[in-house]
Amino acid sequence: MTTTTVGTDQLLALYEQMAVIRRTEKAAHDLFLAGLVKGTTHLAAGHEAIAVGASASLRPDDYVFATYRGHHHAIARGATPEECLAELMSKATGVCKAKGGSMHLTKAAAGMLGSYAIVGAHLPLAAGAAWSAKLRGSGQVAVAFFGDGATNIGAFHEALNIASVWSLPALFICENNLYMEYTPIGSVTAVPSPAADRAPAYAIPAEVIDGNDVVVVADAVAKAAERARAGEGPTILEARTYRHFGHSRTDPATYRPAEEVQEWLERDPLDIARARLAALGVPVEDVVATDERAADVVAAAVAGARAAPPPDPADALTDVWADGGSSWRT
Amino acid sequence: MANVIGNEADVIGSAASMELTTYREAVADGLARELRRDPAVVCLGEDIGAAGGVFKTTQGLFEEFGAERIWDTPISEQAILGLAMGAAMTGMRPVAEIMFSDFFAVCWDYLANEMPKMRYMTGGQVTIPLVVRTANGGGLGFGAQHSQAVENWTLTIPGLKIVAPSNPADVVGLMASAVRSEDPVVFFEHKGLFASKGEPAPDGHVVPLGQAAVARPGTEITVVALAATVPMALAAAERLAAEGVSVEVIDLRCLVPLDMATVLASVGKTSRLLIVEENPYQGGWGGTVASIVADEGFELLDAPVKRVAAACVPLPFADALEQQVIPTVDSVTAAIRSLLRY
């Protein structure tokens, strides 16, 4: 094993975070089937190592912008499984007071500045947060996580160009799960690596990494963040990964070949982390105990979210303006 | 001001201290005042820096505040608004320029889906104190893609404050309120007014958002106007005053917050209402004003509410055609006469 920023104790902690996210996503799936989550969900099971590995290498005051497939980023940055599940279940205790739903999980107090449901829209926002950090000389970085599908929309290209020209402390991390939604990304994109292959056009360094290995992600993000903080500008990381569920709740993902699914399930990010822990000599009992702790956390989160009250109907008319209200007339 | 010349001399009067300023200069003055006051204010947009803006509305800012405060961007409207929003969410007070308001269509996601919704969708977790400035409106022969008055586009989206000043002092006073607002503000600068002149704004001038002005008091009919239709309504009122008709002109100044209290009070006095808008009749902002008066002021009225708006066609290029489409002093005067005859 090569030198890494992740020590043994930290790896066990990262494993626990991934285990919590995996179980939270499974709970979201089950609650949906039970009729307790309305609308839709875009589950991130399979993508855990990207959120957890990146978060491990960021400062608490760094900024993160995610997509509608963003439960893992909210939790990795400090939102609790209970407030996330409560949001999905339309409860007053939801992380966005039940005004956002699954696609908009946000924990601003932890620098998780939103989940955005318009593909690619948040890359310029992350560039803006990076610009702000540069203007204030704060040493913060801003990270945009986005799917492979976002690499074919204009906002992606506008954000990369200006981030490079202005040398902004930004990280653009593509979660390439091989399918834009139902269509293979390769069949609608002119280059094989949809994010990394675009990087030379913007004079941005890029790397394709194993998005299912939390240590690889943590190391790559640490290096990119260091570069950004040193004033050397943005980096693109294309993290290869795979969804364990379909694109959204209504998608059984039958378009994916069974062998391909099997191959990726054998590369489950939790299994890869377990193998690393074993190689480091961590006793299997410690891993089992970690799994049990994660299961307890999520079971308690489900119970808490189920018991939480619905929102006050009067809250529909709050939070439009900074004064808390929604009045548009004087 | 140096360029107050020739035929304006009679307007200026004899006092040398009563120099007028242009609407164009007022934009740069309003921005400069806020840039001096608050180091968190930064400007970004196409050609706004060393070039001073294609309409010269940012003239002098780059020289005074430098490249750290005045940022030239590529032609990337989504990046301009996205960067402004990301910076606003993280401690800055950006003022973004979209060169022509028609270009809102290429960055509409930020105006329609991002800026106005993020506070609400997050249950109030984020604050977005930014201004989107833009050159708006017709009358200059720029054709259908560079001439539209699109305040009504933004009026369809809850979560945006909408400002459209009609004179230089209001430009400065409303700019101060817009930059200091904790909410996203769209600030429409009318292209047809850039060369117009008016009293300069006094030091510390602030006009609160959502406070309409009675631009001309009158007793027989209320004319509600915005931006370039204000001087148009005032010219019609002046023309009719010569015939002994008393017209009250209300300058709305803002569409959100919308000061209907001032409009309803005026209609209560005059019992007649004409609304003059530059956008097409279909979906124009005057429809909202008219519906509120119909709902809350029906018994104040002695005549139907009438709207003079643009014809429902793309704006043509030739002056002779454009004048057929957008409101004019003649069409406003004729509409006032017809309402008074009712």
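Calculation criteria
- Residues numbered from 1 in each chain as written.
- Chains lettered and ligands numbered in written order.
- Predicted model: local features only at pLDDT ≥ 70, side-chain atom pairs only at ≥ 80, totals over all residues.
- Helix = DSSP H or I, 4+ residues; strand = E, 2+ residues; numbered from the N terminus.
- Rg over C-alpha atoms; globule rule 2.2 N^0.38 Å.
- Buried ≥ 20, exposed ≤ 12 C-beta atoms within 10 Å, placed from the backbone.
- Contact = placed C-beta atoms within 7 Å.
- Nonpolar A, V, L, I, M, F, W, Y, C, P; charged D, E, K, R; others polar.
- Expected span 1.5 Å × (residues − 1).
- Pairing = 2+ DSSP bridges.
- Axes fitted to C-alpha atoms, helices over the stretch in contact; angles between N-to-C directions.
- Core = buried A, V, L, I, M, F, W, Y, C linked by C-beta atoms within 7 Å.
- Domains from an automatic or database assignment.
- Right-handed = clockwise from strand over helix to strand, strands pointing away.
- pLDDT = per-residue confidence, 0-100.

Student: Residues and numbers for the overall build of chain A, please.
Tutor: What chain A contains, in helices and strands, is 10 helices and six strands. Scaling as 2.2 N^0.38, a compact globule of 330 residues should have a C-alpha radius of gyration of about 20 Å, and chain A matches this with 19 Å. Here chain A, with 330 residues, has 56% of them falling under the buried criterion.

Student: Give a description of the interface of chain B and chain A that names residues and reports values.
Tutor: Tallying the contact residues gives 41 residues for chain B and 36 residues for chain A. When contributions to the side of chain B that touches chain A are tallied by element, the ones reaching two or more residues are α4 (77-88), α5 (108-114), α6 (118-121) and α10 (260-270) of chain B. Of all the elements, α4(B) adds the most residues to the side of chain B that touches chain A, at eight residues. Tallied by class, residues from the side of chain B that touches chain A come to 19 nonpolar, 16 polar and six charged.

Student: Can you explain helix α1 (residues 8-33) of chain A? Please cite residues and give values.
Tutor: When the terminal C-alpha atoms of α1(A) are compared, their 38 Å separation across 26 residues agrees well with the 38 Å that a helix rising 1.5 Å per residue should span. A:Gly35 occupies a position one or two residues after α1(A) and carries a positive phi of about 80°.

Student: Mind laying out the sheet that holds strand β11 (residues 247-251) of chain B, listing which residues take part and the relevant values?
Tutor: Residues and elements named next belong to chain B. The strand order across the open sheet formed by five strands is β9-β11-β10-β13-β14, and the pairing between neighbours is mixed. Both outer strands of the open sheet, β9 (213-216) and β14 (306-310), are each paired with one neighbouring strand and no more. Each neighbouring strand pair of the sheet contributes to a mean axis angle of 25°, computed without reference to strand direction. Alignment of strand β13 (residues 273-280) against β14, held across four bridges, turns out to be parallel.

Student: Help me get a handle on helix α9 (residues 229-241) of chain B, residues and values and all.
Tutor: All names here are of chain B. Under the 1.5 Å per step criterion, the end-to-end length of α9 is 18 Å for 13 residues, consistent within 8% with the ideal 18 Å. Within the sequence span of α9, burial applies to Thr 229, Val 230, Pro 231, Met 232, Ala 233, Leu 234, Ala 236, Ala 237 and Leu 240. Where α9 is buried, its residues touch β9, β10 (221-225), β11, β13 and α13 (329-341).

Student: Account for the nonpolar core, naming residues and giving values.
Tutor: Of all hydrophobic cores here, the largest spans 216 residues; its most connected members are A:Ala126, A:Ala127 and A:Val143. Sort the elements by how many residues they give to this core and helix α7 (residues 214-229) of chain A lands first, with 10 residues. Here this core spans two domains, and each of domain 1 (13-198) and domain 2 (213-341) of chain B adds at least three residues to it. Excluding residues within four positions of it along the chain, A:Ala126 makes contact with A:Tyr63, A:Phe65, A:Ala142, A:Val143, A:Ala144, A:Ala170 and B:Gly86.

Student: Account for the domain arrangement of chain B, with residues named and values stated.
Tutor: Residue and element names in this part refer to chain B. Entries for chain B in the domain assignment read domain 1 (13-198) and domain 2 (213-341). Contacts between domain 1 and domain 2 engage 27 residues on the former and 23 residues on the latter. Within the residue set of the side of domain 1 that touches domain 2, elements represented by two or more residues are α7 (151-155), β6 (161-163), α8 (168-180) and β7 (185-190). For the side of domain 1 that touches domain 2, the class distribution of residues is 12 nonpolar, 12 polar and three charged.

Student: Talk me through the pairing of strand β6 (residues 235-240) of chain A; I want residue IDs and the actual numbers.
Tutor: All names here are of chain A. Burial runs high along β6: six of the six residues are buried. Residue alternation in β6 divides its side chains into two sets, Thr 235, Leu 237 and Ala 239 and Ile 236, Glu 238 and Arg 240, and both sets are buried. Two elements, strand β4 (residues 170-176) and β6, share six bridges in a ladder whose sense is parallel. For Asn 176, the partnering residue across the bridge sits in β6 and is Arg 240. Two elements, strand β5 (residues 206-210) and β6, share five bridges in a ladder whose sense is parallel. Residue Ile 209 lies in a different strand from β6, and its bridge partner there is Ala 239. At this point the chain moves from β5, through α7, to the parallel β6, and the crossover so formed is right-handed.

Student: Lay out the sheet that holds strand β4 (residues 93-100) of chain B in plain terms, naming residues and giving numbers.
Tutor: Residues and elements named next belong to chain B. In spatial order, the strands read β3-β2-β4-β5-β7-β6-β12; together these seven strands make up an open sheet with mixed pairing. If you trace the sheet from one side to the other, it starts and ends with β3 (70-72) and β12 (254-256), each paired once. For this sheet, the mean angle separating the axes of adjacent strands, direction not counted, is 20°. Of the strand pairs in this sheet, strand β2 (residues 41-45) and β4 are connected by five bridges, and their pairing is parallel. Counterpart to Cys 43 in the pairing with β4 is Val 95. Sitting on the sheet, α8 touches β2, β4, β5 (131-136), β6 and β7, and the angle it makes with β7 is about 155°.

Student: Could you give an account of unusual backbone geometry, with specific residues and numbers?
Tutor: With an omega of -5°, the peptide bond between B:Val256 and B:Pro257 qualifies as cis. With respect to the secondary-structure elements, B:Pro257 resides in the loop between β12 and α10. In the Ramachandran plot, A:Ala98 falls in the positive-phi region, its phi being about 65° despite a non-glycine side chain. Unlike most non-glycine residues, B:Arg253 shows phi in positive territory, near 65°. Within the element layout of this structure, B:Arg253 appears in the loop between β11 and β12. For B:Arg253, a count of 28 C-beta atoms within 10 Å puts it in the buried group.

Student: Tell me about the pairing of β4(B), residues and numbers included.
Tutor: Residues and elements named next belong to chain B. With seven of eight residues buried, β4 is to be regarded as a mostly interior element. Sheet analysis places β4 next to β5, joined by five bridges and oriented parallel. Bridge assignment links Glu 97 to a residue of β5, and that residue is Arg 133.

Student: So what about the confidence of the model for chain B? Which residues, and what values?
Tutor: Residue and element names in this part refer to chain B. In this model, chain B carries an average pLDDT of 95, and 95% of its residues clear a pLDDT of 70 or more. Within chain B, the lowest mean pLDDT, 38, falls on helix α1 (residues 9-12), and the highest, 99, falls on β10. Low pLDDT (under 50) marks residues 1-16, which in the prediction has 14 contacts with non-local residues, meaning those over four places away or in another chain. Our summary of model confidence lists the complex with pTM equal to 0.96 and ipTM equal to 0.97.

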